[in-house]
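A closer look at the structure
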Amino acid sequence: ETERIDLDQRLRDLDNSLLNKAPQPGKWSVLQTLRHLIMAEQSSVGYLQKKLQHAGDAKKAGFGAWMRAAMLIGWFRMGMKTKAPPAFAEIPNPQDRDTILADYQNVRRELQAILNQVPDDLIDRELFRHPVAGKMTLTAALEFFRAHFHHHHKQIVEKLHVHGSAVR
């Protein structure tokens, strides 16, 4: 969350037209990239809310869940590229910076509220489902969110550098 807040503060001084400019045809702008992150995390929040209603049915995570999570997180940490799932790939342009930043903050608040309600005895349960990697624990889900954020943060910085704006 600290990293999201830092990025939020850095983007607030930049113009919408710059943030909506794609680095090349067929590539996302900075704000489209952020919208993708919001869509992915919002979907996850919805899934967690639904899953926690029946948390007693959640299977205890085993080696398979650990391996799936490790491979997914490793994939992003190594900087490997993949196409976004169709539900998270089509993002209209232009977007509004202030709306995007507020939406991202709201998604993170929703996630925090959910996590604050999870009893300790459910931490080792398969409560999160990634569209490709499958079921994993909440801890693994948070590690995935972080790796996913870092993956796209790097892209955002590169896009802004191409357009002559320095954001780290």
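Residues numbered from 1 in each chain as written. Predicted model: local features only at pLDDT ≥ 70, side-chain atom pairs only at ≥ 80, totals over all residues. Heavy atoms only, no water.

A few points about the packing of aromatic side chains
For clarity, the cut-off: A pair of aromatic rings is counted whenever rings of Phe, Tyr or Trp (Trp by its six-membered ring) have centres within 6.5 Å, and the orientation is called stacked for planes under 30 degrees apart, edge-to-face for over 60 and tilted otherwise. Helix and strand assignments follow DSSP, with helices taken as H or I runs no shorter than four residues and strands as E runs no shorter than two, numbered in order from the N terminus. With a 1.4 Å probe rolled over the protein chains alone, any residue whose accessible area is under 20% of its type maximum counts as buried; one over 50% counts as exposed, and the rest are partly exposed. A ring is scored as having a charge over it whenever the NZ atom of a lysine or the CZ atom of an arginine sits within 6 Å of its centre and within 35 degrees of its normal.
Tallied over the full model, the rule gives four aromatic pairs. Relative to Phe 145, the ring of Phe 128 lies with its centre 5.7 Å away and its plane at 90°, an arrangement referred to as edge-to-face. A residue pair is termed long-range when its members are at least 10 positions apart, and Phe 128 in strand E1 (residues 128-130) and Phe 145 in helix H6 (residues 138-162) qualify at 17 residues. Looking at Phe 128, the relative accessible area reads 1%, which means it is buried. Through a chain of ring-to-ring contacts, three or more aromatic side chains come together here, namely Phe 128, Phe 144 and Phe 145. Over the ring of Tyr 104 we find Arg 4, and its NZ or CZ is 5.8 Å from the ring centre.

Structural notes on helix H1 (residues 2-11)
The following threshold applies: Comment: arc refers to directions from the helix axis out to C-beta atoms.
When H1 is considered as a whole, its buried residues turn out to be Arg 4, Leu 7, Asp 8 and Leu 11. Buried residues of H1, seen end-on, are gathered within an arc of 105° and therefore sit on one face of the element. Exposed and oriented more than 90 degrees from the buried face of H1 are Thr 2 and Gln 9.

A look at unusual backbone geometry
In the segment running from Asn 93 into Pro 94, the intervening peptide bond is cis, with an omega of 10°. Among the structural elements, Pro 94 can be located in the loop between helix H4 (63-77) and helix H5 (97-117).

Taken by themselves, the reported measurements are silent on function.
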